[in-house]
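Each chain is listed here by its residues.
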Amino acid sequence: MEDSRARRWAIPYHYECLNGRVDTLLARHVNVIRDCRVLDLASHMGTLSYAALQLGAHHVHGVDTEEAMVRKGEDLFSRVQVSPDSYRFEVKDVFDFLEKCEPDSFDTILCFGLLYYVMEPFRLLELMARVTRKCILLDTFTARYAALQGKDALQYYPNVSDEALDLPVLLTSLTQSEKKDYRLPNAFPYKGKQLTLTNFPSRALLEIWFQILGLDFRFLEWDDYIQKPCHWRDLWTPEQKQACHWADVYASEVRVSYRLAPPSDPIG
Ligand SMILES: C[S@@+](CC[C@H](N)C(=O)[O-])C[C@H]1O[C@@H](n2cnc3c(N)ncnc32)[C@H](O)[C@@H]1O
């Protein structure tokens, strides 16, 4: 069966994009990965957990609500003979998991492709800030993505200005859960489809949230992978999306990534 994730316009699961993500999001932060206790929130089938272990993490704990993906990850890990002592995967909602964690339970938290799926993104940041000892690595879509994604993009586009998307705003839009290889918690039926609300903060809002929580933050650059300047409006039509390079979402800040640190252990 063909794997359609490799052809997705945004964050395709093909080797170039995955290698770029592993480099930018993990390998460049090896000082907070090697010998560390790593929590991978929304671990999916364990791809990034595996990379963290390859980079020398002491232990990785993956948490995801999609049981089929968790089991697939466990199967893959056992097939490539990853030491069972070095990882654990759990089927759980990240809020249920984090609320029960003691402060400083993990050195480093990976939060990739998750923040926009939760109903309370600020609360998720707050919980992660309490549970991490050293670092949170975050990779997420911004409000610009809400103006581009799905059928609504055609209506959104002429009505949203750059200035509006630069404000500290949170745009909520709908996504179709069943089009993905995982289901989303909080899905509801509407006109015969399963829909879920997604929440996309602008970069300005994200950085206000970090400051409110006292998190030291560094914006991560994707310059080594960006092919050309890209504006979010360059990714509007289906043809533009199909023709884009995977790193265009970073060039246009449709997606952003950060390294965050609690005040007790600033990035330096
Ligand atoms: C876009 S994938 C991200 C996979 C991986 N972290 C990455 O960046 O490539 C989103 C994942 O989040 C999981 N997910 C969504 N909401 C969740 C929640 N509240 N708790 C745990 N997992 C959740 C989904 O099951 C899915 O596996």
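Residues numbered from 1 in each chain as written. Predicted model: local features only at pLDDT ≥ 70, side-chain atom pairs only at ≥ 80, totals over all residues.

(A) How the structure looks around the overall build of the chain. Within the chain, the regular secondary structure consists of 11 helices and 10 strands. The globule rule puts the C-alpha radius of gyration for 268 residues at 18 Å, and the 18 Å found for the chain is close to it. Principal-axis analysis of the C-alpha atoms places the extent of the chain at approximately 50 × 45 × 35 Å. Expressed as a percentage of the 268 residues in the chain, the buried residues total 37%. Put simply, of all contacts in the chain between residues at least 6 apart along the chain, 68% involve residues at least 24 apart. (Helix = DSSP H or I, 4+ residues; strand = E, 2+ residues; numbered from the N terminus. Rg over C-alpha atoms; globule rule 2.2 N^0.38 Å. Buried ≥ 20, exposed ≤ 12 C-beta atoms within 10 Å, placed from the backbone. Contact = placed C-beta atoms within 7 Å.)

(B) The arrangement of the site of the ligand in detail. In the vicinity of the ligand lie 18 residues, with Ala-42, His-44, Phe-112, Gly-113 and Tyr-182 positioned nearest. When its residues are assigned to classes, the shell around the ligand shows 12 nonpolar, 3 polar and 3 charged. (Near = placed C-beta within 6 Å. Nonpolar A, V, L, I, M, F, W, Y, C, P; charged D, E, K, R; others polar.)

(C) Structural view of the packing of helix 1 (residues 15–26) against helix 2 (residues 47–54). In the contact formed by helix 1 and helix 2, the axes pass within 11 Å of each other and the chain directions differ by 55°. As the angle between them shows, helix 1 and helix 2 are arranged oblique. Relative to helix 2, the crossing made by helix 1 is right-handed. In this structure, helix 1 contributes Leu-18, Val-22 and Leu-26 to the contact, and helix 2 contributes Thr-47, Leu-48, Ala-51 and Ala-52. Grouping the amino acids of the contact of helix 1 with helix 2 by side-chain chemistry returns 6 nonpolar, 1 polar and no charged. (Axes fitted to C-alpha atoms, helices over the stretch in contact; angles between N-to-C directions. Parallel < 35°, antiparallel > 145°, perpendicular 65-115°, else oblique. Left-handed = near helix turned anticlockwise from the far one by under 90°.)

(D) Just the nonpolar core, in detail. With 69 residues, the main nonpolar core has Val-38, Leu-41, Ala-52, Ile-109, Leu-110, Cys-111 and Leu-114 as its most contacted residues. Those residues in contact with Ala-52, other than ones at most four positions away along the chain, are Leu-26, Ile-33, Val-38, Asp-40, Ala-57, Val-60 and Leu-110. (Core = buried A, V, L, I, M, F, W, Y, C linked by C-beta atoms within 7 Å.)

(E) Representation of the sheet that holds strand 6 (residues 170–176) within the structure. One open sheet holds the 3 strands; their spatial order is 6-8-7, and the pairing between them is antiparallel. Each edge of the open sheet is held by one strand with a lone partner, namely strand 6 and strand 7 (188–190). Geometrically, the sheet is characterised by an average inter-axis angle of 45° between neighbouring strands, direction not taken into account. When strand 6 meets strand 8 (residues 193–201), the two strands line up antiparallel, connected through 7 bridges. Looking across to strand 8, one finds that Gln-176 is bridged to Leu-195. (Pairing = 2+ DSSP bridges.)

(F) Spatial organisation of the pairing of strand 8. Direction of pairing for strand 7 relative to strand 8: antiparallel, over a ladder of 3 bridges. Residue pairing in the sheet places Tyr-190 in a bridge with Lys-193 of strand 8. Hairpin connection, strand 7 to strand 8: the antiparallel pair is bridged by 2 residues, and Lys-191 has positive phi, about 45°.

(G) Unusual backbone geometry, seen in detail. The backbone phi angle of Asp-104 is positive, close to 60°, even though this residue is not glycine. Take Asp-104: it is sitting in the loop between helix 4 (94–99) and strand 4 (106–112). Overall, Asp-104 belongs to the partly exposed group, with 15 C-beta atoms counted inside 10 Å.

(H) The arrangement of helix 2 in detail. In terms of burial, helix 2 is a largely internal element, 6 of the 8 residues being buried. Within helix 2, the full set of buried residues consists of Leu-48, Ser-49, Tyr-50, Ala-51, Ala-52 and Leu-53. Of the surrounding secondary structure, the elements contacted by the buried residues of helix 2 are helix 1, strand 1 (37–41), strand 2 (59–64), helix 3 (67–79), strand 3 (87–91) and strand 4. In the segment just after helix 2, Gly-56 is the residue with positive phi, at about 105°.

(I) Expanded view of helix 5 (residues 121–131). Within helix 5, burial applies to Pro-121, Leu-125, Met-128, Ala-129 and Val-131. Contact partners of the buried residues in helix 5: helix 4, strand 4, strand 5 (132–141), strand 8 and helix 9 (203–212).

Shape descriptors only; they carry no functional weight alone.
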